[in-house]
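Inside the fold
The primary structure of each chain is shown beneath.
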Amino acid sequence: MSEDFETTQIEAAVFRRLRDHLLKERPDVQNIDLMILAGFCRNCLADWYREAAEHRGITMTRDEARESVYGEPFSQWKGKHQREASPEQLAAFEAAQRLHKS
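Anyway, here's the lowdown on the structure attached to this text.

With respect to the overall build of the protein chain
Assigned secondary structure in the protein chain consists of 6 helices and 0 strands. Traced from its N-terminal end to its C-terminal end, the protein chain shows the element sequence α-α-α-α-α-α. Viewed in the frame of its principal axes, the protein chain has a C-alpha envelope of about 50 × 35 × 25 Å. Looking at the protein chain residue by residue over its 102 residues, the buried ones come to 27%. Only carbon and sulfur atoms are counted for the fraction: they give 53% of the accessible area of the protein chain, which is about 7500 Å². Put simply, the protein chain has 15 plus and 18 minus side-chain charges, and the middle of one group is 3 Å from the middle of the other.

Written as structure tokens, this is what we have:
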């Protein structure tokens, strides 16, 4: 096995662990909180997943990519776990966006 193959396998395992952690261990962590702290959220992961698939010639819809990250259709996950953003979260998000503007 080549080093590139091993690296890809390790990186794939890390992605799956992150996805599963957010899915199973921390569904309570809101996407807006991820965006405030890390600058990405589950939707970003889904977008990156879809882009990687398309780079390999695999057509994938946004909904299909989100289901891969959320473990179920996004609307179902959203109904179970997503809360309305608080004024404090929205203010923190706006501040983070200004701070990290490219």
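Now that the structure has been shown, the text picks up again.
Some words on the packing of helix 3 (residues 42–55) against helix 4 (residues 62–70)
When two helices pack together, you describe them by how their axes are tilted relative to each other and by the distance separating the axes. Between helix 3 and helix 4, the shortest axis-to-axis distance is 8 Å and the interhelical angle comes to 120 degrees. What the angle tells us is that helix 3 and helix 4 run oblique. Classified by chirality, the crossing of helix 4 by helix 3 is right-handed. Note on element contacts: helix 4 touches helix 3 through Arg62, Ala65, Arg66, Ser68, Val69 and Tyr70, opposite Arg42, Asn43, Leu45, Ala46, Asp47, Tyr49 and Arg50. Considered class by class, the residues forming the contact of helix 3 with helix 4 number 6 nonpolar, 2 polar and 5 charged.

Let's talk about the nonpolar core
Among the nonpolar cores identified, the biggest contains 15 residues, and Leu34, Cys41, Val69 and Tyr70 are the most heavily contacted of them. Looking at this core, the elements with two or more residues in it are helix 2 (31–38), helix 3, helix 4 and helix 5 (74–81). Ranked by residues supplied to this core, first place goes to helix 3 with 4 residues. Filtering out sequence-adjacent residues up to four positions away, Tyr70 remains in contact with Leu23, Asn31, Arg42, Asn43 and Trp77.

Some words on the environment of Phe93
The residue Phe93 is located in helix 6 (residues 87–99) in this model. With residues near it in sequence (within four places) discarded, Phe93 still touches Ile32, Met35 and Ile36.

Side note on the packing of helix 1 (residues 3–25) against helix 4
Contact geometry of helix 1 with helix 4 gives a least axis separation of 8 Å together with a crossing angle of 80 degrees. Of the possible angle classes, the one that applies to helix 1 and helix 4 is roughly perpendicular. Contact residues: helix 1 offers Phe15, Arg19 and Leu23, while helix 4 offers Ser68, Val69 and Tyr70. Residues of the contact of helix 1 with helix 4, tallied by class, amount to 4 nonpolar, 1 polar and 1 charged.

Calculation rules
Residues numbered from 1 in each chain as written. Predicted model: local features only at pLDDT ≥ 70, side-chain atom pairs only at ≥ 80, totals over all residues. Heavy atoms only, no water. Helix = DSSP H or I, 4+ residues; strand = E, 2+ residues; numbered from the N terminus. Buried < 20%, exposed > 50% of the residue type's maximum accessible area, 1.4 Å probe, protein only. Areas by Shrake-Rupley, 256 points an atom, 1.4 Å probe, with all protein chains shown as cover. Lys, Arg positive; Asp, Glu negative; His and termini not counted. Charge placed at Lys NZ, Arg CZ, Asp CG, Glu CD. Axes fitted to C-alpha atoms, helices over the stretch in contact; angles between N-to-C directions. Parallel < 35°, antiparallel > 145°, perpendicular 65-115°, else oblique. Left-handed = near helix turned anticlockwise from the far one by under 90°. Contact = heavy atoms within 4.5 Å. Nonpolar A, V, L, I, M, F, W, Y, C, P; charged D, E, K, R; others polar. Core = buried A, V, L, I, M, F, W, Y, C linked by side-chain atoms within 4.5 Å.

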